[in-house]
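Overview (structure and organization)
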Amino acid sequence: SSSLKLAVIPGDGIGPEVTAEALKVLEAASPVKFEQTTYDLGAERYLRTGEVLPDSVLAEIRDHDAILLGAVGGKPNDPNLPPGILERGLLLKLRFALDHYVNLRPSKLYPGVTSPLAAPGEVDFVVVREGTEGLYTGNGGAMRVGTPHEVATEVSVNTAFGVERVVRDAFARAQRRPRKKLTLVHKTNVLVNAGSLWWRITQEVAQEFPEVTVDYLHIDAVMIFMATDPARFDVIVTDNIFGDIITDLAAAITGGIGLAASGNVNPDRTAPSMFEPVHGSAPDIAGQQKADPTAAISSAALLLDHLGHADAAARIDAAVLADLSSRDGSPRRTSQIGDAIVARLA
Ligand code: NAD
Ligand code: IPM
Ligand code: MN
């Protein structure tokens, strides 16, 4: 069949290291050829040229079938890097501009993987995190900065349109899973405006999915259950910031941040979806071949699945599972893990 166009953004820190391994595995597993374009974006480009994501580059990226991203973000407190400049100007700009309203973050505790929980049970859930609204819209401001009267606001934006489309997507995912259970997570006891919108829309959309069991938890209680009974979760739907926080904890209880994959999905396919590990650029271990590329590799599997190659995605997942089950704790370089997973592709 014809080739697909892949935009690759290796980014900063361990981003290029893990992306190289994800590409090895993607090329070895994919039934289709990927015509790749690599984009030099991130801290280094910004520090060199002052550019974060020029409009012309965004337009070019848009003209691809999918995006594979490593990680962005410089060293903490670099005086030359204004806080958030790359996070907002590159990562969030891509998520917003390409309408990645479903931020898909699966968590599965594979056999043989150690969890910090003594009795985690069978953990296999997916967080559907809203990706284009909430506290991430940059709606807010600061007044009287630096004075004792400084006021800083970050306003969470939630639209009926935005909430309904992500909630419907989450219900459809729950419907396709054996347990057919959906948990809405919010803080309706305090955030009453956004909370009531999320609650009402969830009740309404539930009418279309009579087979799906609907549950509700406040975000603070989710932290309790993540640590005591994560097996209770099937599909979680939540807003942008709660989803961000939940998924780092979810990663930590299912083998660590080095394993957690994600997709920034545009379900309507009006623009390319973007696949990336949940982790960041890890400046503390960058350039040392110490990073685990598994999250990036599993993100490549999500990419293949999104493009309709479910079989190839399943082969990557099986190879990852085999590699995880064979780990004995001896250290391996980033590239050795990538090579081992390629070798395990059936
Ligand atoms: P981080 O995920 O980069 O690192 C947290 C800890 O996890 C570090 O100790 C790191 O060494 C470890 N770690 C992360 N990935 C690993 C891997 N694959 N293998 C082994 N260990 C791994 O989070 P942070 O330190 O909060 O953020 C660093 C930078 O990354 C910041 O600039 C932040 O804004 C950015 N960030 C970017 C993304 C993204 O690009 N999607 C996500 C999160 C953070
Ligand atoms: C993530 C990251 C990003 C987020 C940051 C870097 C903007 O933490 O992908 O989880 O908050 O979404
Ligand atoms: Mn995060």
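Residues numbered from 1 in each chain as written. Chains lettered and ligands numbered in written order. Predicted model: local features only at pLDDT ≥ 70, side-chain atom pairs only at ≥ 80, totals over all residues.

The number of helices and strands found in the chain is 11 helices and 12 strands. The C-alpha atoms of the chain give a radius of gyration of 20 Å, which matches the 20 Å a tight globule of 346 residues would have. Oriented by its inertia axes, the alpha-carbon framework of the chain measures out at about 50 × 50 × 45 Å. Burial analysis of the chain (346 residues in total) assigns 43% to the buried set. Contacts in the chain between residues far apart in sequence, at least 24 positions, make up 78% of those at least 6 positions apart. (Helix = DSSP H or I, 4+ residues; strand = E, 2+ residues; numbered from the N terminus. Rg over C-alpha atoms; globule rule 2.2 N^0.38 Å. Buried ≥ 20, exposed ≤ 12 C-beta atoms within 10 Å, placed from the backbone. Contact = placed C-beta atoms within 7 Å.)

Here the UniProt-annotated "binding site: Mg(2+)" (unreviewed entry) positions come out as Asp220, Asp244 and Asp248. These annotated residues cover 29 residues of sequence, and their C-alpha atoms lie no more than 14.5 Å from one another, placing them together at a single site. Judged by local crowding, Asp244 falls into the partly exposed class, with 18 C-beta atoms found within 10 Å. (UniProt positions renumbered as here; feature names shortened; annotations may be inferred.)

Think of a sheet as strands paired side by side through backbone hydrogen bonds, with each pair either parallel or antiparallel. Strand order in the open sheet formed by 10 strands is β2-β1-β3-β12-β11-β4-β5-β10-β8-β9, and the pairing between neighbours is mixed. Across the chains shown, the open sheet's two edge strands, defined by having one partner strand only, are β2 (34–38) and β9 (213–218). When strand polarity is set aside, the average angle formed by the axes of neighbouring strands in this sheet is 20°. Bridge analysis of strand β1 (residues 4–11) against β2 gives five bridges, and the strand direction is parallel. Looking at the pairing, Val8 lines up with Thr38 of β2. Running at roughly 105° to β9, helix α7 (residues 219–228) makes contact with β8 (181–186) and β9 of the sheet. This element, helix α8 (residues 240–253), spans β4 (102–108), β5 (124–130), β8 and β10 (235–238) of the sheet and lies at about 155° to β5. (Pairing = 2+ DSSP bridges. Axes fitted to C-alpha atoms, helices over the stretch in contact; angles between N-to-C directions.)

So, on to the environment of Trp198. Mapped onto the elements of the fold, Trp198 is located in helix α6 (residues 192–206). Sequence spacing of Trp198 and Val185 is 13 residues, and the spatial spacing of their C-alpha atoms is 9.1 Å.

Here the focus is helix α10 (residues 310–325). Residue pairs spaced three or four apart in an α-helix point in one direction, given the helix's 3.6 residues per turn. With 16 residues, α10 should cover 22 Å at 1.5 Å per step; its first-to-last C-alpha distance of 22 Å lies within 8% of that length. Of the residues making up α10, those classed as buried are Ala312, Ala313, Arg315, Ile316, Ala319, Val320 and Asp323. One side of α10 carries all its buried residues, which in axial view fall inside an arc of 160°. Structural note: α10 exposes Ala310, Asp311 and Ser325 on the side pointing more than 90 degrees away from its buried face. (Expected span 1.5 Å × (residues − 1). Arc of directions from axis to C-beta.)

A few words now on the UniProt feature "binding site: substrate" (unreviewed entry) in the chain. With numbering matched to this structure, UniProt assigns "binding site: substrate" (unreviewed entry) to Arg95, Arg105, Arg129 and Asp220. Separation in sequence by 126 residues is matched in space for these annotated residues, since their most distant C-alpha atoms are 26.4 Å apart. In this structure Arg105 comes out as buried when scored by C-beta crowding, with 25 C-beta atoms within 10 Å. Among residues more than four places away in sequence, those in contact with Arg105 are Val126, Val127, Arg129, Thr247, Ala260, Ser262 and Val278. Mapped onto the elements of the fold, Arg129 is located in strand β5. Using a count of 28 C-beta atoms within 10 Å as the deciding quantity, one classes Arg129 as buried. With sequence-adjacent residues up to four places away left out, Arg129 is seen in contact with Asn103, Arg105, Thr238, Asn240, Gly243, Asp244 and Thr247.

Residues in close proximity to ligand 1 total 21 residues, the closest being Gly73, Gly258, His279, Gly280 and Ala282. Residues that form the shell around ligand 1 fall into these classes: 11 nonpolar, six polar and four charged. (Near = placed C-beta within 6 Å. Nonpolar A, V, L, I, M, F, W, Y, C, P; charged D, E, K, R; others polar.)

Counting 85 residues, the largest nonpolar core has Leu68, Val128, Ala300 and Ile316 as its most contacted members. In terms of residue count, the dominant contributor to this core is helix α9 (residues 294–306) (eight residues). When we break this core down by domain, the ones giving at least three residues each are domain 1 (1–100 + 282–346) and domain 2 (115–254). Look past the residues within four positions of Leu68 in its chain and what remains in contact with it is Leu6, Val8, Thr19, Ala22, Phe275, Ala300 and Leu303. (Core = buried A, V, L, I, M, F, W, Y, C linked by C-beta atoms within 7 Å. Domains from an automatic or database assignment.)

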